[in-house]
Amino acid sequence: MALLERDAPLRNASDYLAAASRGNGRLVFIGGEAGVGKTVFVDQVVADAGSTVRLARGACDGSTTPAPLGPLREMLPALPGDVWPDGADRADRAGVFFRLAEALGRPGAPYLLVIEDAHWADDATLDLVRHLARRVHRLRALVLVTYRSEETAGSHALRVLFGDVAGASGVRRIDLNPLTPDGVQALLEAAPRRDGALDVGELYRATGGNPFFITEVIAAGGATLPRSVRDAVLSRLARLSEPGRRVLDLVALAGPRCELGLVEDLEPALAPALDEALAQGAVVLSGEAVMFRHELARLTVLEEVPAMRRRTLHRGVLEWLETHQADPARMAHHAEAAGRPEATREHALLAARRAAALGSHKEAVEQYQRVLRHTEAVVDPAVADLHERLAYELYLTGRMVEAFDAQRSAWQTWTELGEALRVGNALRLMSRFSWFQGNSAEAAAYGVQAYDVLDGTGGTAEAMAASNRSQIAMLANDLATTREWGRRALALIEGRDDLDAEEVRVHALNNLGTMEVDSGEVEQGWDLLEQSLRRSRDADLQEHAARAFTNLASRAVVRHEHLRAGAYLSEGIRYCRERDLDAWILYMRGYVALSRLDQGDTAAALVTADSVLRHPRTALVSRITPLLVRVHALARMGARPHEDALAEALDLAFETGEAQRIGPAGQAAAESTWLAGEPEAAEREALRAWEVVRSVQSPWTRGMVASWLPDAFAADVADSVAPPYRAEALRRWDEAAHLWDGLGSRFNAALALARGGTRAGLADAAARFDGLGLEAAAARARALAREHGWSTPRGRRATTKAHPQGLTKREAEVAGLLAEGLSNAAIAERLVLSPRTVEHHVAAVLAKLEVASRHAVRDVLVSP
């Protein structure tokens, strides 16, 4: 029987496969509620493709803590042997990913890869999908990724992935909807006749058109509707014999895929009853495994297994898996459920280490926590090591408070054991975790303690503790202390060329270079940062290379060197994207937004900033810059209130205690209050920030606040700030505007003219603000002119004002219709345009809104 109401999605899948055969691959997310028919749809795509593709299929397991790269491991028999050859380093995830992408790009029939149930995917599998999504447009492959839409709300990891790959050109999305009443009628008519008649309308209302629920109700027979899916499944299974129901208990408990051999070995007397369950359609056979038709059915059966029988079955399954060298994550699950603590610790520890090595950090956290649940709390090095490993995995997953607590537990044990090196290293990590929580003072205190413990040990632990102190000083814009500790770190590793020493070296060079650029020794600073970047890349120290790119780019933006900034941002984001270093991508994208804002592209800056702020994994410290971009943009345009964003930015910035955060926040607060017609409030905001900023030696950080200070204060500090800010502090507004123009800072130039308050300056400023589409700023310039009785040219007519997201009038119309869910053909008919023209407009809208799917337009569209 043909799939009901799936013709359009099947045609799309066929088109994507045709494109893949030409080397223009696609990765398609297939979403829908549980039971809507995602697997059946994929089965049809596979059947339609037939022998024209090379098929590889794998699924994520939701019954246990998932094994890293579980779907890929299932696919390996169908993939070239060089993707993950025998004897290859099992922790070489990056190598596996690149070899897979290389294999998918080779000549020949296209690959059809299927990853099912991605809402249960481990971190490594999500990283694999992310890796493929960013490259698939150059591959001969169609990758289908199914997921349950109802399980990916909020900050779910898959939702994060959607945001990460939103701009990837090869990514598409297919949403499978429930059946319509006509579809329910067709399904009911195609079913075998049974006693009793179900009303189509009532069946549709009860099931919501969910195909799985409908088929279960029909299979249960009778004219009365069950109250739930559970009741429908149990009604169907009630027709099985007692052996048939008992064998399903074992199949359900074993997991989504139960090996035939497991049933034959553990319940040989029940094996014949499996034929009955297969004949009834309760389960299906897939190769050498038995599976329920749907996970909802498996979970329903599992809930009915009595507690003691469940425990006995878990023990049997565990013993069988151990003899067959099964995945440790699966064995850990069954060992814990069977009440076997020693086996739980053994298997969970191995599973945790494998997960950590492959980058499945959430899974590593769960496995380490499982080990600790079954470990006695004693003063023991092994226990301390467990807490330390857990702390690092929690840190990598952004759970900083828990990471700090776990690291503190390790530190307490190392202290009791008198292990000085481990104590010092634990304190250094506690310093870092504290900084990520925004507690700079506590981070500094732990950094001091760490070095005091390690002082004189002479190894890389002492050197890294010294470099950590240099980094904390750099973050606080403390030039002398940054130099002192950075040079000490380098001296401790002088003459060494091993990897541990190189990691210290690039870390220290980064700290020193960033501080030198900030304090005015610019050429020396750029050279040190470039050394850090080059050496990091040569040694494949990816996190340190990402940090070097970030500091090179951010310092260039702060100095308004946009050509330099653009080069580092472009290369740095590309480098991080190829290695899935998304935390650094988010940080740098905040500075992309700031650079665009400074150059006058306010609408694009706002779109970029908002995309970072919406990302659920954006760290607190990485929110500050895009929040400030949002404040500036909204205050200048007057499009929407900006006060909430300003309040959050000020809170976050002042909590860090760092001038590099507080200076820009104070500048944003001063500027926005000045634009609102409150010059005295602007001075108060500047004075508040100046209490912190005055102590640092960065001329650009000092300048952004100093120019807003009261006249006498500003003049006193003018010589210590960067040239355009110096001109502003001395109230030489025309000179300041000229300097800002030379830097390409279009808004700052116009603002200087407006703050100067001359008749010509205000007229010029209003015209410049108009040209930038900044209505509120232009209105402020005209209001100041009117106070003096001067007239200025009229602003743009309302019909010509820029869209806040940079859309033209026609693009805004198209975007609105996309948000309503209209197809290209329907939009063409509504606007009386050709389909080709609509296609061009849709492409432009998706690019400007930075989304990959027309379905995402409604979520990000801002009304002009």
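**Brief notes about the overall build of the protein**
Counting its regular elements, the protein contains 45 helices and 8 strands. At 31 Å, the protein has a C-alpha radius of gyration in line with the 29 Å of a compact globule built from 864 residues. The principal-axis extent of the C-alpha atoms belonging to the protein is close to 95 × 80 × 50 Å. Per-residue burial over the protein gives 55% buried out of 864 residues. With the model as given, the accessible surface of the protein reaches about 35800 Å², and the carbon-plus-sulfur share is 50%. Each charge class in the protein can be summarised by its mean position, and for the 101 positive and 117 negative side chains these summaries are 5 Å apart.

**Structural notes on the packing of aromatic side chains**
Applying the stated criterion across every chain, the model contains 12 aromatic pairs. Relative to Trp740, the ring of Tyr725 lies with its centre 5.2 Å away and its plane at 75 degrees, an arrangement referred to as edge-to-face. A residue pair is termed long-range when its members are at least 10 positions apart, and Tyr725 in helix H37 (residues 723–729) and Trp740 in helix H38 (residues 733–743) qualify at 15 residues. Each member of the pair, Tyr725 as well as Trp740, carries the same accessibility label: buried. Feature note: the residues Phe29, Tyr147 and Phe162 constitute an aromatic cluster, connected by ring pairs. Sitting over the face of the ring of Trp485, Arg488 holds its NZ or CZ atom 4.0 Å from the ring centroid.

**Some remarks on the side chain of Arg623**
Counting through the fold element by element, Arg623 comes out in helix H31 (residues 620–637). By relative accessible area, which is 16% here, Arg623 ends up buried.

**Topic: the packing of helix H11 (residues 242–254) against helix H15 (residues 307–323)**
The geometry of H11 relative to H15 is characterised by a closest axis approach of 10 Å and an angle of 60 degrees between their N-to-C directions. Considered as vectors, H11 and H15 are oriented oblique to each other. Once H11 is placed against H15, the crossing between them reads as right-handed. Contacts from Arg246, Asp249, Leu250 and Leu253 of H11 reach H15 at Arg309, Arg310, Leu313, His314 and Val317. Taken together, the residues that form the contact of H11 with H15 break down as 4 nonpolar, 1 polar and 4 charged.

**Looking at the sheet that holds strand S4 (residues 141–148)**
Hydrogen bonds along the backbone pair up the strands of a sheet, which may run parallel or antiparallel. The 5 strands are arranged S2-S3-S4-S1-S5 in an open sheet whose pairing can be described as parallel. Each edge of the sheet is formed by a strand with only one pairing partner; in this case those strands are strand S2 (54–59) and strand S5 (171–175). Strand-to-strand twist in this sheet, taken as the mean axis angle between neighbours without regard to direction, amounts to 15 degrees. Of the pairings in the sheet, the one linking strand S3 (residues 111–116) to S4 comprises 5 bridges and is parallel in character. Counterpart to Val114 in the pairing with S4 is Leu144. Across the sheet, helix H5 (residues 123–133) is in contact with strand S1 (26–32), S3, S4 and S5; its angle to S1 comes to roughly 130 degrees.

**Regarding the environment of Cys576**
Relative to the assigned elements, Cys576 resides in helix H28 (residues 562–578). The exposure class assigned to Cys576 is buried, which follows from its relative accessible area of 0%. In this structure the C-alpha to C-alpha distance between Cys576 and Glu264, which are 312 residues apart in sequence, comes to 49 Å. Discounting chain neighbours no more than four positions away, the residues touching Cys576 are Ala546, Leu581, Trp584, Ile585 and Met588.

**Let's talk about unusual backbone geometry**
The phi angle at Leu69 is positive, at roughly 55 degrees, despite the residue not being glycine. Note on Leu69: relative accessible area 0%, which makes it buried. Located in the positive-phi region is Arg731, a residue other than glycine, with phi close to 60 degrees. Relative to the elements of secondary structure, Arg731 occurs in the loop between H37 and H38.

**Some points on the nonpolar core**
Membership of the largest hydrophobic core comes to 98 residues, with the highest contact counts inside it found for Leu569, Cys576, Trp674 and Phe769. Leaving out residues up to four positions away in the same chain, Phe769 has contacts with Phe747, Ala750, Leu751, Ala754, Leu774, Ala777, Ala778 and Ala781. Of all hydrophobic cores here, the second largest spans 42 residues; its members include Leu100, Leu126, Leu132 and Val145.

**Remarks on the pattern of salt bridges**
Overall, the coordinates contain 44 salt bridges when judged by the stated rule. Arg173 is paired through a salt bridge with Asp175; the nearest N and O atoms lie 3.1 Å apart. Because the salt bridges share partners, they merge into one network encompassing Arg93, Asp127, Arg130 and Asp164.

**Some remarks on the sheet that holds strand S6 (residues 258–259)**
Taken in spatial order, the 3 strands line up as S6-S8-S7 in an open sheet, and their pairing is antiparallel. Unpaired on one side and paired on the other, S6 and strand S7 (283–286) mark the two borders of the sheet. Against the sheet, helix H13 (residues 273–280) touches S7 and strand S8 (289–292), its axis set at about 105 degrees to S7.

**Details of helix H16 (residues 328–337)**
Of all 10 residues making up H16, 8 are buried, and the element is well covered by its neighbours. Those residues of H16 that are buried are in contact with H11, S6, helix H12 (260–266), H15, helix H17 (341–357) and helix H18 (361–373). Downstream of H16 by a residue or two, Gly339 has a phi angle that is positive, lying close to 75 degrees.

**Digging into the packing of helix H9 (residues 211–220) against helix H10 (residues 229–237)**
One can describe the packing of H9 onto H10 by two numbers: an axis separation of 8 Å at closest approach and a directional angle of 40 degrees. Comparing their axes, H10 and H9 come out oblique. Considering only the axes of H9 and H10, their crossing is left-handed. Only Val229, Ala232, Val233, Ser235 and Arg236 of H10 make contact with H9, whose side of the interface consists of Phe212, Phe213, Glu216, Val217, Ala219 and Ala220. Classifying every residue of the contact of H9 with H10 gives 8 nonpolar, 1 polar and 2 charged.

**Thoughts on the pairing of S3**
Counting buried positions along S3 yields 6 of 6 residues, so the element is predominantly enclosed. Of the two faces of S3, the one carrying Tyr111, Leu113 and Ile115 and the one carrying Leu112, Val114 and Glu116 are both buried. Examined bridge by bridge, S2 and S3 share 6 bridges and lie parallel to one another. By the bridge assignment, Ala59 is partnered in S3 with Glu116. Crossover handedness for the path S3 to H5 to S4: right-handed.

**Brief notes about the pairing of S4**
Judged by how many residues are buried, S4 sits mostly within the fold: 8 of 8 residues are covered. For S1 and S4, the ladder comprises 7 bridges, and the chain directions are parallel. Paired with Ile30 across the strands is Thr146, a residue of S4.

**Side note on the state of the cysteines**
Inspection of every chain in the model, using the stated rule, returns 0 disulfides. No disulfide involves Cys60; its sulfur sits 19 Å from the nearest other cysteine sulfur, which is in Cys258. Taking the relative accessible area as the measure of exposure, Cys258 reaches 0% and is therefore buried.

**Some points on the confidence of the model for the protein**
Taken as a whole, the protein shows an average pLDDT of 89; of its residues, 94% reach a score of 70 or greater. Per-element averaging of pLDDT across the protein places helix H45 (residues 857–860) at the bottom with 66 and H37 at the top with 98.

**Focus: the environment of Trp526**
Note on placement: Trp526 falls in helix H26 (residues 522–538). When the C-alpha positions of Trp526 and Leu512 are compared, they lie 9.9 Å apart, and in sequence the two are 14 residues distant.

**So, helix H24 (residues 479–492)**
Taking 1.5 Å of rise per residue, 14 residues should cover 20 Å, and H24 covers 20 Å from first to last C-alpha, within 8% of that figure. At its buried positions, H24 is contacted by helix H22 (440–454), helix H23 (460–475) and helix H25 (499–519).

**So, the environment of Leu274**
Counting through the fold element by element, Leu274 comes out in helix H13. Expressed as a C-alpha distance, the spacing of Leu274 and Tyr395, which sit 121 residues apart in the sequence, is 47 Å. Among all residues touching Leu274, those that are not within four sequence positions of it are Val247, Val251, Leu260, Val283 and Val290.

What counts as what
Residues numbered from 1 in each chain as written. Predicted model: local features only at pLDDT ≥ 70, side-chain atom pairs only at ≥ 80, totals over all residues. Heavy atoms only, no water. Helix = DSSP H or I, 4+ residues; strand = E, 2+ residues; numbered from the N terminus. Rg over C-alpha atoms; globule rule 2.2 N^0.38 Å. Buried < 20%, exposed > 50% of the residue type's maximum accessible area, 1.4 Å probe, protein only. Areas by Shrake-Rupley, 256 points an atom, 1.4 Å probe, with all protein chains shown as cover. Lys, Arg positive; Asp, Glu negative; His and termini not counted. Charge placed at Lys NZ, Arg CZ, Asp CG, Glu CD. Phe/Tyr/Trp six-rings, centres within 6.5 Å; stacked < 30°, edge-to-face > 60°. Lys NZ or Arg CZ within 6 Å of the ring centre and 35° of its normal. Axes fitted to C-alpha atoms, helices over the stretch in contact; angles between N-to-C directions. Parallel < 35°, antiparallel > 145°, perpendicular 65-115°, else oblique. Left-handed = near helix turned anticlockwise from the far one by under 90°. Contact = heavy atoms within 4.5 Å. Nonpolar A, V, L, I, M, F, W, Y, C, P; charged D, E, K, R; others polar. Pairing = 2+ DSSP bridges. Core = buried A, V, L, I, M, F, W, Y, C linked by side-chain atoms within 4.5 Å. Salt bridge = Lys/Arg side-chain N within 4 Å of Asp/Glu carboxyl O. Right-handed = clockwise from strand over helix to strand, strands pointing away. Disulfide = S-S within 2.5 Å. pLDDT = per-residue confidence, 0-100. Expected span 1.5 Å × (residues − 1).

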